[in-house]
Amino acid sequence: MLVFIKKFAYVCPMNTQGNSNTSNSKASGQAMELFATCARKTSTILADELRAMGIVEVAESAAGVRFSGDLVTAYKVILWSRVASRVLLTVGRFDADNPQSLYEGVRAIDWTQHLDYRKSIAVDFTSTSSAITHTLFGAQRVKDAVVDQFKEEVGDRLMVNITRPDLRINVHLQNDKAVVAIDLSGDSLHKRGYRQDGGVAPLRENLAAALLLRAEWPSIARAGGALIDPMCGSGTFVIEGALMAGNVAPGLLRNYFGFLGWKGHDKSLWAGMIGEAALIAEKGKKRIPPILGTDHHPKAVEYAKANVARAGMAGYVKIEQREMSKARPPMRATQPGLVAVNPPYGERIGESDELAALYQELGAVLRKRFRGYKLAMITGNPDVAKNIGLGKRKASTFFNGPIECKLYRYDVE
Ligand SMILES: C[S@@+](CC[C@H](N)C(=O)[O-])C[C@H]1O[C@@H](n2cnc3c(N)ncnc32)[C@H](O)[C@@H]1O
């Protein structure tokens, strides 16, 4: 284990060293073309996160961030990124303006390099501005091409497993040009593994993390500032905030990844990186400042407590049942920090009329008991949010699933 710890000492995202210097042939092999997807409007935050990991060349687009690197780089992003949804390894690009060219293009890729005998696949297929619009049909043709290649060259019949395949293939068609990739994450990385109970309208974990990064939570935490969410629901903000402050890799909480059934997977490399991340977490947890989540709903409190425990944060994040009107800084807080909150906003729970008073009350409570704190509030109802009455604010747009939301940031004075 010590060997690995030495060898992978650069995986900590706070360390901005450049490329790997490992002697492992796969790890130090040719640079791979990688693409990390993320929630809409978070690609700038993701690009910054990847740069902070030492990945120099990153190219942002609306759907995510393109970058290149070896296996260490790919594993590093999968293990450490708080903002990425998926990490895709590009294995082919070709023109595909009809089903036959799609089939032939996929078939021309050597799948035996990526997949062993008696394995299963799944295909995710998306299409924009292209002749092939029927995504199920597109996925079927891709699957046929891979299955036929295996049948002919290896004499093996691949299986299809939509939920937990050995290899998840991702094909995106844009303007009749296909990009074929292997989904190294396998399932969206926002599924950290700690949230089994979501309660009402939970934030996605990687969106909550992106919002905390935008609100500069890591530097507030480093300075010893507290974190509180007075309407915490399932506890997403406070859990993500604790993981971030404690330098706990979000991938440590998961046990399923797309690369586990991929032929290029390097078990000992991954085990080394996990081992090092576990040590970093052990040390980092000691630096977690006071963190408190409160909610008036008993079920939300129950869910949040269970989620905190599953995230390994039971001693670090306190959850209490409390009306927002009675919100106070955590007991142990010695200095102001961050209030991160996602109040109900009428799209899914509550109604706008009733909400005006809630936002007014939130503003009053913050002015009374949280002077000197920063506030980061995400809401899908900008009209009603004005009732908070806290004066000057910075606004940015995000999407909570399909719902357009505003993140408002204030200095509470
Ligand atoms: C949109 S949800 C928050 C979801 C949370 N961010 C998550 O990821 O699970 C809003 C929460 O505010 C809580 N809430 C609404 N009014 C409240 C009040 N007056 N006092 C305390 N909590 C309140 C609700 O119980 C609900 O859990």
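Residues numbered from 1 in each chain as written. Predicted model: local features only at pLDDT ≥ 70, side-chain atom pairs only at ≥ 80, totals over all residues. Heavy atoms only, no water.

(A) Focus on the overall build of the protein. Secondary structure assignment for the protein yields twelve helices and 15 strands. Relative to the compact-globule value of 22 Å for 413 residues, the protein shows a C-alpha radius of gyration of 23 Å, a close match. Per-residue burial for the protein yields a buried fraction of 54% across its 413 residues. Restricting the contact set of the protein to residue pairs at least 6 apart, pairs at least 24 apart contribute 79%. About 18200 Å² of surface is accessible on the protein, with carbon and sulfur atoms providing 50% of the total. In the protein, the 54 positive side-chain charges and the 42 negative ones have mean positions that sit 7 Å from each other. (Helix = DSSP H or I, 4+ residues; strand = E, 2+ residues; numbered from the N terminus. Rg over C-alpha atoms; globule rule 2.2 N^0.38 Å. Buried < 20%, exposed > 50% of the residue type's maximum accessible area, 1.4 Å probe, protein only. Contact = heavy atoms within 4.5 Å. Areas by Shrake-Rupley, 256 points an atom, 1.4 Å probe, with all protein chains shown as cover. Lys, Arg positive; Asp, Glu negative; His and termini not counted. Charge placed at Lys NZ, Arg CZ, Asp CG, Glu CD.)

(B) The arrangement of the sheet that holds strand β10 (residues 291-295) in detail. Judged by pairing direction, the sheet is mixed, and its seven strands sit side by side in the order β11-β10-β9-β12-β13-β15-β14 without closing on themselves. The open sheet has two free edges, formed respectively by β11 (317-321) and β14 (394-400), since each of these has just one partner strand. With direction set aside, neighbouring strand axes in the sheet form an average angle of 20°. Two elements, β14 and strand β15 (residues 403-411), share seven bridges in a ladder whose sense is antiparallel. (Pairing = 2+ DSSP bridges. Axes fitted to C-alpha atoms, helices over the stretch in contact; angles between N-to-C directions.)

(C) Representation of the site of the ligand within the structure. Lining the immediate surroundings of the ligand are 19 residues, of which Leu203, Ser234, Thr236, Asp295 and Met324 lie closest. Thr236 has a polar side-chain atom sitting 2.6 Å from an oxygen atom of the ligand. Interatomic distance of 2.9 Å between a backbone N/O atom of Met324 and a nitrogen atom of the ligand. About the coverage of the ligand: the protein hides 92% of its 600 Å² of free accessible area. Tallied by class, the residues present in the shell around the ligand amount to ten nonpolar, six polar and three charged. (Near = heavy atom within 4 Å. Polar contact = N/O pair within 3.5 Å; in protein donor to acceptor, adjacent residues only side chain to side chain. Nonpolar A, V, L, I, M, F, W, Y, C, P; charged D, E, K, R; others polar.)

(D) Structural view of the pattern of salt bridges. Under the definition given, this model contains 18 salt bridges. One salt bridge connects Asp144 with Arg141, and the closest N-O pair in it is separated by 3.0 Å. With Asp144 and Arg141 both in helix α5 (residues 135-153) and three residues apart, the pair spans about one turn of that helix. Between Asp187 and Lys191 there is a salt bridge, with the nearest N and O atoms lying 3.1 Å from each other. When its relative accessible area of 16% is taken as the criterion, Asp187 is described as buried. (Salt bridge = Lys/Arg side-chain N within 4 Å of Asp/Glu carboxyl O.)

(E) Quick look at the environment of Lys326. Assignment of secondary structure puts Lys326 in the loop between β11 and β12 (338-341). Taking the C-alpha atoms as reference points, Lys326 and Ala178, 148 residues apart in sequence, are found 55 Å from one another.

(F) Here's a closer look at unusual backbone geometry. In this structure, Lys41 takes a positive phi of about 70° despite not being glycine. Among the secondary structure elements, Lys41 is positioned in the loop between β1 (32-38) and α2 (43-52). Positive phi values are uncommon outside glycine, yet Asn175 reaches one of about 50°. Mapping Asn175 onto the fold places it in the loop between β7 (167-174) and β8 (177-183).

(G) How the structure looks around the pairing of β15. Inspection of the sheet shows strand β13 (residues 374-379) paired to β15 by six bridges, in the antiparallel sense. Residue pairing for β15: Leu375 is matched across the bridge by Tyr410. Between the antiparallel neighbours β14 and β15 lie two residues, among them Gly401 with a positive phi of about 65°.

(H) How the structure looks around the domain arrangement of the protein. As assigned here, the protein comprises domain 1 (2-183) and domain 2 (205-246 + 288-411). Domain 1 and domain 2 are separated by 34 Å when their C-alpha centres are compared. On the side of domain 2, twelve residues touch domain 1, which itself brings ten residues to the contact. For the pair domain 1 and domain 2, the summed buried area comes to about 1000 Å², and 64% of that belongs to carbon and sulfur atoms. For the pair domain 1 and domain 2, the number of links is zero salt bridges. Applying the counting rule to domain 1 against domain 2 returns two residue pairs in polar contact (both at pLDDT 80 or more). Looking at the side of domain 1 that touches domain 2, the elements that each hand over two or more residues are α2 and β4 (84-95). By residue class, the composition of the side of domain 1 that touches domain 2 is four nonpolar, two polar and four charged. (Domains from an automatic or database assignment. Buried area = accessible area lost by both parts, 1.4 Å probe.)

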